[in-house]
Each structure stands twice: as C-alpha cells, then as structure tokens.
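Chain and residue survey
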Amino acid sequence: MAKLSFLAGFGAGYVLGSRAGRERYEQIRRAWEHAKDDPRMQGLAGMAQARADAAMASIRAKMGNDAPR
C-alpha cells in the first residue's frame, strides 16, 4: 500500500513539477486518460478497493461496534 501511495505521489509530483513544458504535460495527461479507461486498470482499481474495504472492516471489527465512523 505504501508503494502505491509513493508511486501516485511521485507521478503527481513529476507531472506538476515537470520542466519539459506544456507539451510533455499534455502527453502525460493523454497517456493517463488512455490508461484509466483500460479494463485491466479498472480491474486493478476494483481489487484495490475491495482490499481497502476488507481492511477497514477488519479494523472496525477489532475496535468494536461503538467506534466513530
């Protein structure tokens, strides 16, 4: 999970801090738009969401029913 957060942060930092100019930014943005529509990427996102939901359910179960939401 930490790796995924690091990679997302690195990617955002690269895009925002890129000195390659607007053309490179647009190239990266188009690649992202293409990748996020890919069914494989959507499947991975679904699996990540399911794991996050399971982890939250586990934490809530350990904390008890009166934990704040």
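Residues numbered from 1 in each chain as written. Predicted model: local features only at pLDDT ≥ 70, side-chain atom pairs only at ≥ 80, totals over all residues. Heavy atoms only, no water.

**Re the pattern of salt bridges**
Opposite charge on two side chains permits pairing when their charged atoms draw close. Operational definition: What makes a salt bridge here is a side-chain nitrogen of Lys or Arg within 4 Å of a carboxyl oxygen of Asp or Glu, nothing more. Numbering of helices and strands runs from the N terminus; a helix is a DSSP stretch of H or I covering at least four residues, while a strand is a stretch of E covering at least two. In this scheme, a residue with accessible area under 20% of its type's maximum is buried, one over 50% is exposed, and one in between is partly exposed, where area comes from a 1.4 Å probe on protein chains only.
Going through the model one piece at a time under the given rule, you end up with 3 salt bridges. Residue R29 pairs with E26 through a salt bridge whose shortest N-O separation is 2.8 Å. Of this pair, R29 and E26 both sit in helix α2 (residues 22–36), 3 residues apart, which is roughly one turn of the helix. With a relative accessible area of 18%, E26 lands in the buried category. For K36, the salt bridge is made with E33, and the minimal N-O distance between the two is 3.5 Å. Here the residue K36 and the residue E33 both occupy positions in helix α2, the gap between them amounting to 3 residues, near one helical turn.

**Observations regarding the packing of aromatic side chains**
For any pair of aromatic rings, the description consists of the separation of the ring centres together with the inter-plane angle of the planes. What counts is decided by this rule: When two rings of Phe, Tyr or Trp (its six-membered ring) have centres within 6.5 Å they constitute a pair, described as stacked for plane angles under 30 degrees, edge-to-face for angles over 60, and tilted for the intermediate range.
Here the structure, examined in full by the defined rule, presents 1 aromatic pair. Judged by centre distance (6.3 Å) and plane angle (25 degrees), the rings of F6 and F10 are stacked. Remark: F10 and F6 occur in helix α1 (residues 2–17); sequence separation between them is 4 residues, near one turn of the helix. Of the residues examined, F6 reaches a relative accessible area of 55% and is grouped as exposed.

**Quick look at the confidence of the model for the protein chain**
Counted only if it meets this: Values of pLDDT, ranging from 0 to 100, describe the predictor's confidence in every residue of the model.
Predicted confidence across the protein chain gives a mean pLDDT of 83, with 87% of residues reaching 70 or more. No element of the protein chain has a lower mean pLDDT than α1, at 79, and none a higher one than helix α3 (residues 39–63), at 91.

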